[in-house]
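Analysis of the macromolecular model
One-letter residues, chain by chain:
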Amino acid sequence: MAIQSIEPIQCGEHPEYYLKDGTVYILIPELAHQTLYQLYPGLLALQSSVFKTLFDKIQ
């Protein structure tokens, strides 16, 4: 059985939605690149009932 080499996947910060003082990290995997988002939990909760429920349970 031959061993196949695997190319490393590139990862980068989103240019607009990587907020240096955000406290929630979200990594979105794509085929050849992964994008890292760093956001504020309050903004996510305002826009999404799923995130609101999640953050309410954590507190």
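Residues numbered from 1 in each chain as written. Predicted model: local features only at pLDDT ≥ 70, side-chain atom pairs only at ≥ 80, totals over all residues. Heavy atoms only, no water.

**Comments concerning the environment of Cys11**
- Here Cys11 is to be found in strand E1 (residues 10-18).
- Since its relative accessible area comes to 48%, Cys11 is described here as partly exposed.
- Counting along the chain gives 21 residues from Cys11 to Ala32, while the straight-line C-alpha distance between them is 8.9 Å.
- When neighbours within four sequence positions are excluded, Cys11 is seen to be in contact with Leu27, His33 and Gln34. (Helix = DSSP H or I, 4+ residues; strand = E, 2+ residues; numbered from the N terminus. Buried < 20%, exposed > 50% of the residue type's maximum accessible area, 1.4 Å probe, protein only. Contact = heavy atoms within 4.5 Å.)

**Some details on the confidence of the model for the protein chain**
- The share of residues in the protein chain with pLDDT of 70 or more is 85%, and the mean pLDDT across the chain is 85.
- Averaged over each element, pLDDT in the protein chain is lowest for E1 (89) and highest for helix H1 (residues 41-47) (94). (pLDDT = per-residue confidence, 0-100.)

**Some points on the pairing of strand E2 (residues 24-29)**
- For E2 and strand E3 (residues 33-39), the ladder comprises six bridges, and the chain directions are antiparallel. Paired with Leu27 across the two strands is Leu36, which belongs to E3.
- Where E2 folds back on E3, the antiparallel hairpin that results is connected by three residues. (Pairing = 2+ DSSP bridges.)

**Side note on the pattern of salt bridges**
- In the structure shown here, the tally under the stated rule is two salt bridges.
- One salt bridge connects Asp56 with Lys52, and the closest N-O pair in it is separated by 3.0 Å. Highlighted residues: Asp56 and Lys52, both in helix H2 (residues 49-58), separated by four residues, approximately one helical turn. (Salt bridge = Lys/Arg side-chain N within 4 Å of Asp/Glu carboxyl O.)

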